[in-house]
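# Per-entry structural report
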Amino acid sequence: MNVLDTAIYSRLQSTSALTSLLAGTTALYNRQAPEGQVLPYVVWSIQGGGDMHETPRRRKNLLLYVRAYTTGSNGAAQGGSIDAQIDTALHLNPLTVSGWTNIWLAREQDIELVETPPNGLLVYSTGGLYREIMTVNS
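Computed from a predicted structure; not experimentally measured. (Residues numbered from 1 in each chain as written. Predicted model: local features only at pLDDT ≥ 70, side-chain atom pairs only at ≥ 80, totals over all residues. Heavy atoms only, no water.)

Here the focus is the environment of G48. For G48, the position within the fold is in strand β2 (residues 41-51). On the accessibility criterion, G48 (25% relative accessible area) is partly exposed. For the pair formed by G48 and L63, sequence separation is 15 residues and the distance between their alpha carbons is 5.2 Å. Leave out the neighbours within four places in its chain, and G48 touches N61, L62 and L63. (Helix = DSSP H or I, 4+ residues; strand = E, 2+ residues; numbered from the N terminus. Buried < 20%, exposed > 50% of the residue type's maximum accessible area, 1.4 Å probe, protein only. Contact = heavy atoms within 4.5 Å.)

Before going further, it helps to examine unusual backbone geometry. In the segment running from L39 into P40, the intervening peptide bond is cis, with an omega of 5°. Even without glycine at this site, H53 takes up a positive phi of about 55°. In this fold, H53 is placed in the loop between β2 and β3 (59-71). Look at L92: it is not a glycine, yet its phi comes out positive at around 60°. Residue placement: L92 occurs in the loop between α3 (75-90) and β4 (100-115). Taking relative accessible area as the criterion, L92 reaches 48% and is therefore assigned partly exposed.

We now examine the nonpolar core. If you look at the biggest cluster of nonpolar residues, it comprises 30 residues, and the most contacted ones within it are L12, V42 and V66. Breaking this core down by element, the ones donating at least two residues are α1 (2-13), β1 (28-30), β2, β3, α3, β4 and β5 (123-136). With 5 residues, β3 is the single largest residue contributor to this core. (Core = buried A, V, L, I, M, F, W, Y, C linked by side-chain atoms within 4.5 Å.)

Take the sheet that holds β3 next. Taken together, the 5 strands give an open sheet; going across it, the order is β1-β2-β3-β5-β4, and neighbouring strands pair in mixed fashion. Since the sheet does not close on itself, it has two edges, and those belong to β1 and β4, each with one partner. Looking at each pair of strands side by side, their axes are set apart by 20° on average, direction ignored. Here β4 pairs with β5 via 14 bridges, running antiparallel. From the neighbouring strand, L113 faces β5, where its bridge partner is S125. Contacts from α3 reach β2, β3, β4 and β5 within the one sheet, and its direction differs from that of β3 by about 150°. (Pairing = 2+ DSSP bridges. Axes fitted to C-alpha atoms, helices over the stretch in contact; angles between N-to-C directions.)

Under the definition given, this model contains 3 aromatic pairs. Between the aromatic rings of Y9 and W44, the centroid separation amounts to 6.5 Å while the plane-to-plane angle is 45°, which identifies the pairing as tilted. Of this pair, Y9 sits in helix α1 while W44 sits in strand β2, and the two are 35 residues apart along the sequence. You can call W44 buried: its relative accessible area is 3%. Between Y29 and Y41, the ring centres sit 5.8 Å apart and the planes meet at 85°, which makes this aromatic pair edge-to-face. (Phe/Tyr/Trp six-rings, centres within 6.5 Å; stacked < 30°, edge-to-face > 60°.)

Right, let's talk about the side chain of R11 for a bit. Here R11 lies in helix α1. In this structure R11 is buried but unpaired, with E132 as the nearest side chain of opposite charge at 8.2 Å. The contacts of R11, once residues within four sequence positions are left out, are A89, L90, N93, P94 and L95. (Lys, Arg positive; Asp, Glu negative; His and termini not counted. Salt bridge = Lys/Arg side-chain N within 4 Å of Asp/Glu carboxyl O.)

Structure below.
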C-alpha cells in the first residue's frame with residue numbers, strides 16, 4: 001500500500017502544527033524510525049485489516065496505528081501534544097490516496113505505552129488506531 005503510505009506522509013508532513021513539535025519536519029516514518037533517530041518522531045503502520053470482499057470493486061478496511069515517540073521529563077505531555085496534532089490531521093479528514101476513493105478515516109482507539117530501553121531513559125509512545133476504508137477507483 002505504498003500509495004496509502006504516501007498519502008499519510010503527505011498529510012502529516014504538511015501539518016505544520018505537528019512538524020513544529022518534532023525533531024525536524026521529516027521525522028515521520030513508516031513502520032519504524034531509523035536507528036539512532038532523535039526523539040520526538042512519529043511512526044505509522046498498518047496494524048491489520050485488508051480486503052472486504054463485499055462488492056466486485058476492491059474495497060480495503062485497514063487499521064492504522066499512528067503514534068508519537070518522546071522522552072524526557074516532559075515526554076508524556078509532549079507525546080500528548082503531538083498526538084493531538086496527529087488526531088487533528090487525520091480524524092474524519094479523508095486522505096487523498098492515488099487510485100482510491102476514501103470512504104472513512106476515523107480514530108477508534110487511544111494507545112499509550114512506556115518503554116525503558118537499556119539506557120534507562122523512559123520512552124513514551126502516544127497515539128491511536130485509525131480505521132481507513134477506501135474503494136479502488138474504476
